[in-house]
Amino acid sequence: MNTNRKPASLLIEIGTEELPPHALDALADAFAKGIVEGLEKSGVALDAATTKTYCSPRRLAVLVAAVAHEQPDQAIERRGPAVAAAIDADGQPGRALIGFASSCGVEVSALARLETDKGAWFVHRAIQPGQATAALLPAVLAEAVKGLPIPKPMRWGEHEFAFVRPAHWLIMLHGSDIIPAELFGLRAGRQSRGHRFHHDAPVHIADADSWLDALRNARVIADPAERRRRIVDEVARVGGESGGTPRLSAALLDEIANLTEWPVAIVCAFDPAFLDVPQEALVMTMETNQKFIPVFDAAGKLSARFIGVANIESKDPAEIRKGYERVIRPRFADAKFFYDEDRKQGLESFQESLKSVTYQQSLGSVWDKCIRVAELARVIANRVGVDAALATRAAALSKCDLMTRMVGEFPELQGIMGRYYASQGHRPEPAEVASALDEFYRPRNAADGIAHGRLGQVLAVAERLDTLAGIFAVGMKPSGNKDPFALRRAALGLARTLIEGGLDLDLKAHLAEALASLPEAAFVAGLGKGKDGKPLELDAGKRRDELASEIFDFIIERLRSYYADQHIGSEAFEAVRALSPTSLVDFDRRLHAVVAFARLPEAHALAAANKRIGNILRQVGDGATGDIDAALLEVDAEHELFAALADAETDSAPLIAAADYVGLLQRMALLRDPVDRYFDKVMVMAEDPVLRRNRLLLLGRLRRLFLRVADISLLPSAAGPA
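All of these numbers come straight from a predicted model, not from anything done at the bench.

Student: Looking at this model, I keep getting lost on the pattern of salt bridges. Mind explaining?
Tutor: For side chains bearing opposite charge, pairing can occur when the charged atoms are close. On inspection of all chains with the given rule, the structure shows 51 salt bridges. One salt bridge in this structure joins Asp213 and Arg216, with 2.6 Å as the shortest N-O distance. Of this pair, Asp213 and Arg216 both sit in helix α5 (residues 211-217), 3 residues apart, roughly one helical turn. Overall, Arg216 belongs to the partly exposed group, its relative accessible area being 26%. Residues joined in a network through salt bridges with shared partners are Lys369, Arg372, Lys399, Glu463 and Asp466.

Structure below.
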């Protein structure tokens, strides 16, 4: 088939009832991807790079440019029976050959022969005309819809089909042509719908390329990026009226964009008396419950103004303003009630109720966890010079705000409310304690920093140590995509706090302490049962050692991506990891020293030499021990390396004591020339066993010096023998 028609834009729009805003972007992207992949799989030529994804609260749409009107013709080749077996002794076609020709719809004489190294075969060759795109699109659409990420599809009316929301119209236009297709009982046409209030009438779409402008004329901005820009512009337009600075987060912008088709911003106000409530609670209810934009004054304090974004350009904005102000008042009144009632009790009074909340069946209650964290915090505080009494107090109060009315309503405020209640109670806690109750949750996400205060850092480390130890002990470590206790996040948060806070602690030792404080029931639960159904015998000490190593490795593995984000390569990471330093601060120092060393011109040659030394020592089992006999040094290159190594060891001693790994590696870089000459002039594996042993001792001593920092043999090395 060859119609010689020019490619044209393809528009597909599914009109629905209001779609869930949080899922809208993912649905639109998946829909566009499914349509493009379906067309490409069908062999239809298109300009995939110009595909546009559109969506609004009432529609999913995709516009694909330059879509061909038909598939290209396809050459087909079908192999039949072998020539030797298909022709009888008289040269007549056998039954198999006749049957093959018949199945191809041709005479035997029309078949061709295919010569291969394994013999000749009969084949049927033909040109299959390409199908019209219009004929292929209904199946492409059905497959794309089937592949949408819809966890809970809805059914409506008496239909058997289901979708994310009830569907009401369908447009499929290829250029100006309607594609005859049906979906959800709807026949494709060219009638879309405009804004529910501004244009409550069908919108005629002449062709695919005019669709976007036709909807815009009907007060629908179908392009989500354009809606976001309009919202930002609208908020900026009315920002001057607000008397402050609006704060529009990216997440709130996305949600508002997916709730509106023609956004219009309106400045509103609330009773200033509500400003007595912590501003985080007011902002939370504004953004989460009402999708309003808070406004802050010049000092960064919440003002009594906010901005609502309507989905209509009203002739009487004052009425919309009144509505917004009316709906926010009961929310704020609830927040004020929760805050006032919680403060009457005081934070400490909630400790008792923590005893009735199970943290994990084998690990006890939340209060049991607080006790374990308090002991860990006390030990860590003493080691880093923090007041141990304050650390213990902060740990004891750390989970109390979970039982308050405010956090019960807004779980995202845990820690924040603990800080407020600790600082504003009947008996205010020390400022460091109050701050720590909020800060120890940090980093809350990848973009968040660690706790600022030392006490908060101590509590953050103790909390995460107990969490990791406890959940690993009961056998609920992450697997695949499952991580119900967010242990990966806890491990990275722990590592970041130690490194960025400069807490030079022995992580393995502290993991052992955290495991030692767990109840025996945790280890029993983690062991599981044998084939006979009976609990496996517990060797508590051995199990704790195994878990400490396993958790340590789990934490170190989280650092791989942490350093990758800092553009530190995996070779440098592995070079330090090979030594398994138990202090992450020490790990970090070593790693940055290796990165600096790798930039030196001597690095590649020394890495290659270390790799060669490592291979040689492994071949002999690293068994050469004892002192080097200077009398056995024969050639000048041996004497030179021996002397250079002795000087390097002397110079390195103070650098090692000061953990100056950068200076240490820079000093060892001076060994390049004597090392190169040694390998050029000396046969290490000499026939004389005494001489060979002495040379192996020299190489072993050289390697041990480099291993004081990292295994640099794992770095990229210059080409050369291994």
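Student: Is there a simple way to think about the packing of helix α12 (residues 388-397) against helix α16 (residues 454-473) in this case?
Tutor: Two quantities define a packed helix pair, namely the angle between the helix axes and the distance between the axes. Relative to each other, α12 and α16 sit at 55°, their axes nearing to 10 Å. Here α16 runs oblique to α12, going by the angle between their axes. By crossing handedness, the relation of α12 to α16 is classed as right-handed. Here Leu390, Ala391, Ala394 and Ala395 of α12 come into contact with α16, specifically with Leu455, Val458 and Leu459. A class-by-class count of the residues in the contact of α12 with α16 yields 7 nonpolar, no polar and no charged.

Student: Could you clarify how one ought to interpret the sheet that holds strand β16 (residues 264-269) in this entry?
Tutor: Backbone hydrogen bonds are what pair the strands of a sheet, in a parallel or an antiparallel way. Here we have 4 strands laid out as an open sheet, ordered β15-β17-β18-β16, and antiparallel in their pairing. What marks the edges here is a single partner per strand, and that holds for β15 (245-246) and β16. When strand β17 (residues 293-296) meets strand β18 (residues 302-310), the two strands line up antiparallel, connected through 3 bridges. Bridge pairing in β18 links Phe296 to Leu302.

Student: What exactly am I supposed to notice about the pairing of β16 here?
Tutor: Two faces, one strand: in a regular strand the side chains alternate between the faces of the sheet. Burial analysis of β16 places 5 of its 6 residues in the buried class, which makes it a mostly covered element. The pairing of β16 with β18 spans 6 bridges and is classified as antiparallel. Residue pairing for β18: Ile266 is matched across the bridge by Gly308.

Student: I keep staring at the packing of aromatic side chains and nothing clicks. Help me out?
Tutor: For any pair of aromatic rings, the description consists of the separation of the ring centres together with the inter-plane angle of the planes. In the structure shown here, the tally under the stated rule is 19 aromatic pairs. Measuring from centroid to centroid gives 5.6 Å for Phe573 and Phe587, while their planes differ by 55°, and the two rings are tilted. With Phe573 in helix α21 (residues 570-577) and Phe587 in helix α22 (residues 584-598), this residue pair connects regions lying 14 residues apart in the sequence. Of the two residues examined, Phe573 and Phe587, each falls in the buried class.

Student: Even after reading the chapter, I still don't get the nonpolar core, so can you show me in this structure?
Tutor: Formed by 146 residues in total, the largest nonpolar core has its most connected members in Met406 and Ile555. Here the element with the most residues in this core is α16; it accounts for 12 residues. Setting aside its immediate chain neighbours within four residues, Met406 contacts Val277, Ala281, Ala335, Phe338, Tyr339, Asp342, Leu413, Met417 and Tyr421. By size, the runner-up hydrophobic cluster in this structure holds 39 residues, among which are Ala28, Val36, Ala68 and Ala181.

Thresholds applied
Residues numbered from 1 in each chain as written. Predicted model: local features only at pLDDT ≥ 70, side-chain atom pairs only at ≥ 80, totals over all residues. Heavy atoms only, no water. Salt bridge = Lys/Arg side-chain N within 4 Å of Asp/Glu carboxyl O. Helix = DSSP H or I, 4+ residues; strand = E, 2+ residues; numbered from the N terminus. Buried < 20%, exposed > 50% of the residue type's maximum accessible area, 1.4 Å probe, protein only. Axes fitted to C-alpha atoms, helices over the stretch in contact; angles between N-to-C directions. Parallel < 35°, antiparallel > 145°, perpendicular 65-115°, else oblique. Left-handed = near helix turned anticlockwise from the far one by under 90°. Contact = heavy atoms within 4.5 Å. Nonpolar A, V, L, I, M, F, W, Y, C, P; charged D, E, K, R; others polar. Pairing = 2+ DSSP bridges. Phe/Tyr/Trp six-rings, centres within 6.5 Å; stacked < 30°, edge-to-face > 60°. Core = buried A, V, L, I, M, F, W, Y, C linked by side-chain atoms within 4.5 Å.

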